[in-house]
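Topology and contacts: notes
Single-letter residue listing:
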Amino acid sequence: MKEAFDYRAVESQHYMPVFSRTIKLVRGEGAKVWDDTGKQYIDCVAGIAVCSTGHCHPEVVKAICDQCRTLIHCSNLYYVPHQSELVERLASLTGMPRIFLTNSGTEAMEAALKLARITTGRKRFVAFTHGFHGRTMGALAVTHKPPIREPFDPLQPECAFVEYGDLKGLRKVVNRETAGVVVEPIQGEAGVIIPPDGFLEGVRECCDRNGTLMIADEIQTGMGRTGRWLTLQHTGVEADIVTLAKGIASGFPMGALLSREGITFKKGEHGSTFGGGPVACAAALATLQVIERILPDVERKGALFRKGLADHNPRVMGLMIGLAAGDRCPTIQAYCADKGVLINCAADGNLRLVPPLVISDEEIRKAVEVLNEAFG
Ligand SMILES: Cc1ncc(COP(=O)(O)O)c(C=O)c1O
């Protein structure tokens, strides 16, 4: 009899040990996933806020397969199928008319930092404590978390960090040498930290006073996650530059850099071999169509989580849910997985739930029931 392939042993030998994982997922449909033993889970992780339309949404699958049969890649040396429809749609949904497409969030952040430098002629940035913007060198330089940033110091660009929510502190460090202030409208990797009222307006005002660009990292909060296309759209604030990724193409790798009129790369200042390829654009266009239909229901679903988890003071905005659990995070996560609900430990003793936007009321009720049991 053929022996089962021992993927754990092979992985421990050959895959760099940067992740710690126990479950192997092999199939998904809507908000449900199955592991290699056939066990079913309600997926409140969704590939970390990526599988926005649910796993394998038929319209997204069809768009990807149709495009794969026609043209998988052609290079940005040529007009790319679906790219123009996609950027037109993104511009109209976000109000940001200039767009460049990437393969990931961190690449979108790299592009944002380059764009802010070349637009302002300045070199320095300001970002916030507990913020996360990616792991490539530039994005890492504006990412706060010391254990992931400090081993790679010194990094460029130069970045000062201010306590998230502290406008007084921000006003002290932003000056006429600051190219950009990088801000998440809600901090995702930190565990769904919602800033105080007026904070984003204050960041905008501080940027305006200093001729500094406001760079909103909506990689996790955008694409309908909180009930609007951009979380900034809950406020009246308009950023100069916005980055997107994660939910934009339902799990097909894609990111986007968006900017307001007058802020743009010129020929030769930026580029990408794979960014904005035909299959990614097809996946993203189909994703936008699906999200457009389900967007009106996102805040109502978030309210079901808020009500169901009320005993644990959840932080909820649309389908971004954070819960403080301290050092109980890993135990609660393991209990939920055992009972068939996937949630994730974010930073600083916070649990995070970012389920597919298509999660049903019944699935929410079940996830809430299991979480409440896990808290005990
Ligand atoms: C707010 C934010 N910015 C940037 C990134 C980096 O995106 P990626 O992992 O696609 O490079 C992430 C990823 O978690 C994120 O949450």
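Residues numbered from 1 in each chain as written. Predicted model: local features only at pLDDT ≥ 70, side-chain atom pairs only at ≥ 80, totals over all residues. Heavy atoms only, no water.

1. With respect to the overall build of the protein chain
In plain terms, the rule: For the purposes of this entry, the term helix denotes a DSSP run of H or I that reaches at least four residues, the term strand denotes a run of E that reaches at least two, and both are numbered from the N terminus. For the radius of gyration, the atoms used are the C-alpha atoms, and the globule rule reads 2.2 Å times the number of residues raised to 0.38. We call a residue buried when its accessible area falls under 20% of the maximum for its residue type, exposed when it is over 50%, and partly exposed in between, using a 1.4 Å probe and counting protein chains only. Per-residue accessibility takes into account occlusion by the displayed protein chains alone, with areas from the Shrake-Rupley method and a 1.4 Å probe. Positive charges come from Lys and Arg, negative ones from Asp and Glu, while His and the chain ends are left out of the count. Here the site of a charge means NZ on Lys, CZ on Arg, CG on Asp, or CD on Glu.
Along its length, the protein chain carries 13 helices and 15 strands. Relative to the compact-globule value of 21 Å for 376 residues, the protein chain shows a C-alpha radius of gyration of 21 Å, a close match. The 376 residues of the protein chain split such that 52% are buried. Accessible surface, the protein chain: about 17,700 Å² in total, of which carbon and sulfur atoms supply 55%. Across the protein chain, 42 positive and 43 negative side-chain charges occur, with their mean positions spaced 2 Å apart.

2. Details of the site of the ligand
Where we set the bar: The cutoff for a nearby residue is simple: one of its non-hydrogen atoms must lie within 4 Å of the molecule or strand. What qualifies as a polar contact is a pair of N or O atoms within 3.5 Å, subject to a donor-acceptor requirement within protein and to the restriction that residues adjacent in sequence count only when both atoms come from side chains.
Surrounding the ligand, one finds Ser-104, Gly-105, Thr-106, Phe-132, His-133, Gly-134, Glu-184, Glu-189, Asp-217, Ile-219, Gln-220 and Lys-246. Measuring from an oxygen atom of the ligand, one finds a side-chain N or O atom of Gln-220 at 2.7 Å. A distance of 3.1 Å separates an oxygen atom of the ligand from a polar atom in the side chain of Lys-246. Compared with its free state, where it exposes 390 Å², the ligand has 82% of that area covered by protein.

3. Overview of the sheet that holds strand E13 (residues 341-342)
The criterion, for reference: If DSSP finds at least two bridges between two strands, the strands pair. When checking whether two residues touch, look at their non-hydrogen atoms; a contact exists if any pair is within 4.5 Å. Angles run from 0 to 180 degrees between N-to-C directions of axes, and those axes are lines fitted to C-alpha atoms, restricted for helices to the stretch in contact.
With mixed pairing, the four strands of this open sheet are ordered in space as E1-E2-E3-E13. The open sheet has two edge strands, strand E1 (25-29) and E13, and neither has a second partner. With four bridges connecting them, E1 and strand E2 (residues 32-35) associate as antiparallel partners. Note that in E2 the partner of Gly-28 across the bridge is Val-33. Helix-sheet contacts for helix H13 (residues 361-375) involve E2, strand E3 (40-43) and E13, and the interaxial angle to E3 is about 100°.

4. Looking at the sheet that holds strand E15 (residues 350-353)
Taken together, the four strands give an open sheet; going across it, the order is E11-E12-E15-E14, and neighbouring strands pair in antiparallel fashion. Pairing within the sheet leaves two strands with one partner each, and these edge strands are strand E11 (315-317) and strand E14 (344-345). Sheet topology places E11 next to strand E12 (residues 320-324); three bridges connect them, and they run antiparallel. Directly across from Met-317, in E12, lies its bridge partner Met-320.

5. Focus on the nonpolar core
Basically, it comes down to this: We define the nonpolar core as a collection of buried residues of types Ala, Val, Leu, Ile, Met, Phe, Trp, Tyr and Cys that are connected through side-chain atoms lying within 4.5 Å of one another.
Leu-170, Val-203, Phe-305 and Leu-371 are the most contacted members of the largest nonpolar core, which has 77 residues in total. Counting residues per element, this core draws most heavily on helix H10 (residues 278-294), which supplies twelve residues. Apart from the residues lying within four places of it in its own chain, the contact partners of Leu-170 are Val-126, Phe-128, Val-162, Val-181, Val-203 and Cys-206. Counting 21 residues, the second largest nonpolar core, distinct from the first, contains Ala-111, Ala-139, Cys-159 and Leu-213.

6. Quick word on helix H12 (residues 329-338)
Because an α-helix packs 3.6 residues into every turn, residues spaced three or four apart end up facing the same way. Applicable threshold: By construction, the arc corresponds to the directions joining the helix axis to the C-beta atoms.
If you check which residues of H12 are buried, you get Cys-329, Ile-332, Cys-336 and Ala-337. For H12, the buried positions fall inside an angular range of 135° around the axis, keeping them on one side. Facing away from the buried side of H12 by over 90 degrees, the exposed positions are Pro-330, Thr-331 and Asp-338. Taken together, the buried residues of H12 touch E3, E13, E14, E15 and H13. Directly beyond the C-terminal end of H12, a positive phi value near 90° is found at Gly-340.

7. Here we look at the packing of aromatic side chains
Quick note on the threshold: Note on aromatic contacts: the rings of Phe and Tyr and the six-membered ring of Trp form a pair at centre separations within 6.5 Å, being stacked when their planes are under 30 degrees apart, edge-to-face when over 60 apart, and tilted otherwise. Two thresholds decide whether a charge sits over a ring: the Lys NZ or Arg CZ must be within 6 Å of the ring centre and within 35 degrees of the ring normal.
Enumeration over the complete set of coordinates arrives at four aromatic pairs. Judged by centre distance (6.4 Å) and plane angle (35°), the ring pair of Tyr-15 and Phe-19 falls under tilted. Residue classification places Tyr-15 among the partly exposed residues on the basis of a relative accessible area of 44%. An aromatic cluster of three or more residues is present, and its members are Phe-128, Tyr-164 and Phe-199. In this structure, Arg-21 is placed above the aromatic ring of Tyr-15, and the distance from its NZ or CZ to the ring centre is 5.1 Å. The ring centre of Trp-34 lies 4.0 Å from the NZ or CZ of Arg-27, which sits over that ring.

8. Focus: the packing of H12 against H13
For the record, the criterion: By definition in this entry, angles of less than 35 degrees are roughly parallel, angles greater than 145 are roughly antiparallel, angles of 65 to 115 are roughly perpendicular, and the rest are oblique. Helix crossings get a hand from a simple test, with the near helix turned counterclockwise from the far one by less than a right angle marking a left-handed crossing and a clockwise turn marking a right-handed one. Three classes are used: nonpolar for Ala, Val, Leu, Ile, Met, Phe, Trp, Tyr, Cys and Pro, charged for Asp, Glu, Lys and Arg, and polar for all others, with Gly counted as polar.
It is at 9 Å that the axes of H12 and H13 come closest, and there the two elements cross at 135°. For the element pair H12 / H13, the angle class is oblique. The interaxial crossing formed by H12 with H13 has right-handed handedness. In contact with Ile-332, Tyr-335 and Cys-336 of H12, H13 contributes Val-370, Leu-371, Glu-373, Ala-374 and Phe-375. Partitioning the contact of H12 with H13 into residue classes produces seven nonpolar, no polar and one charged.

9. Focus: a nonpolar patch on the surface
As a reminder, the rule being used: A patch is a set of surface residues, each over 30% in relative accessible area and not in a salt bridge, joined within 9 Å for like charges and within 5 Å for the nonpolar side chains Val, Leu, Ile, Met, Phe, Trp and Tyr. Salt bridge, as used here: a side-chain nitrogen of Lys or Arg that lies within 4 Å of a carboxyl oxygen of Asp or Glu.
A grouping of Tyr-15, Met-16, Val-18 and Phe-19 is seen on the molecular surface, where their side chains present a nonpolar patch of about 500 Å² in accessible area. Turning to its location among the elements, Phe-19 is positioned in the loop between helix H1 (7-14) and E1.

10. What to know about the domain arrangement of the protein chain
Which entries qualify depends on this criterion: By convention here, the domain bounds are inherited from an automatic or database domain assignment. In this description, buried area is defined as the sum, over both parts, of the accessible area (probe of 1.4 Å) that is lost when the two are combined.
Looking at the protein chain, the domain boundaries give domain 1 (7-56 + 298-375) and domain 2 (58-293). For domain 1 versus domain 2, the distance between C-alpha centres works out to 24 Å. Taken together, the contact between domain 1 and domain 2 spans 27 residues of the former and 30 residues of the latter. Carbon and sulfur atoms supply 61% of the area buried between domain 1 and domain 2, which totals about 2,200 Å² over both sides. Between Arg-352 and Glu-189 there is a salt bridge; the shortest N-O distance is 2.6 Å. At the boundary of domain 1 and domain 2, one finds 15 residue pairs in polar contact (both at pLDDT 80 or more). Those elements that provide at least two residues to the side of domain 1 that touches domain 2 are helix H2 (46-49), helix H11 (298-308), E11, E12 and E15. Here the side of domain 1 that touches domain 2 is built from residues that sort into 18 nonpolar, five polar and four charged.

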